Amino acid sequence: MLDGLVRRLIEWRYERAVRQFYLGTSLKVGERQLPELWASHTAAVRILDLERVPDLYVTTPVPGTAIAVGVKNPMVVIDSGLLGRLGPGEQRVVVAHELGHILSDHMVYMTALNILLAAGSAVPFVFGLPFRAVKTVLLEWYRAAELTCDRAATIAVRDPQIVCRTLMVVASGMPPEKLDLDAFMAQAMEYENWDDPSDKVRRFFAEIGQTHPYAVRRVSEVMKWVQSGEYDRIIRGEYRTRDEPVDVRAEAGDAFEFYAERFRSIFKEFGENVTSLGNQIGGMAEGLADWVRNRGSDSGDDG
């Protein structure tokens, strides 16, 4: 019911209002307006095989620096400040990422999450727990959707390093010529390979309320996906097409196994953290007992 309700809400009110807002306040990109950006946009549409070319707008500020909006007639809006820091390749990454949201039909649940986030403080207490559960699930899905669209951008530009460089610019707010990609990749590996279980538990609770994964994690996920061979397989043309049947039950089973394993590892790290804390407390207790025993011996000798 949520899917159909939100889709209708978007089509009837939200999409039309947002389109009028950006048409009136932003710059509409086309063959005569920012033609290089428009060429990147249409090229990415062709590579990703979208059925139509969405409208493209440039303005400032834009929430999250770039957004895809709408269901029936979707459009892409990009922050002009971000564009000014990017070269042509990185600009195509940003455009292709948002087109990935449109191709994957992400806007329905993104809008549902935005409605829930906006209504958060107004939800009655009796509905609080179900509301938080739905919000948490949608946030997890939202973060996964961002990783999906990073893959779409990688396919569109045919160069994973350009995607990583774009994420570096987004993270820093600085132009790429002033930054070192190798150092940023090393930073991503440091974040990924961090050993302390207690820090990983803190990281989990810090990330669980975010709509976007951290930039360093997105870089790690892009490179792991490329190294798995999936990127090369798609570039070779080995992928499911629209006319092929989808085994939803099998995909749901794969998703269940993925999240089961993910949460097993999270609770394992949480358990290791608790065990480590227990060992620390135990060590402190033993030290205190030794100190008490030694104080007792000292007092006896003095007597």
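First things first, this report covers the structure right here in the doc. No experiment lies behind these values; they were computed from the predicted model shown.

## Re the pairing of strand β2 (residues 55–59)
- Burial of β2 is extensive: 4 of the 5 residues sit out of reach of the surface.
- Where strand β1 (residues 27–28) meets β2, 2 bridges bridge the pair, whose relative direction is antiparallel. Along β2, the bridge assignment pairs Lys-28 with Tyr-57.
- When β2 meets strand β4 (residues 75–79), the two strands line up parallel, connected through 5 bridges. Bridge pairing in β4 links Thr-59 to Asp-79.

## Focus: the pairing of β4
- Counting buried residues in β4 gives 5 out of 5 residues, a clear majority hidden from the surface.
- Residues of β4 alternate between two faces, with Met-75, Val-77 and Asp-79 on one and Val-76 and Ile-78 on the opposite face, all of them buried.
- The sheet contact formed by strand β3 (residues 66–69) and β4 spans 4 bridges and is antiparallel. The residue bridging Ala-68 from the neighbouring strand is Val-76, located in β4.
- Between the antiparallel neighbours β3 and β4 lie 5 residues, among them Gly-70 with a positive phi of about 100°.

Rules of the game
- Residues numbered from 1 in each chain as written.
- Predicted model: local features only at pLDDT ≥ 70, side-chain atom pairs only at ≥ 80, totals over all residues.
- Heavy atoms only, no water.
- Buried < 20%, exposed > 50% of the residue type's maximum accessible area, 1.4 Å probe, protein only.
- Helix = DSSP H or I, 4+ residues; strand = E, 2+ residues; numbered from the N terminus.
- Pairing = 2+ DSSP bridges.

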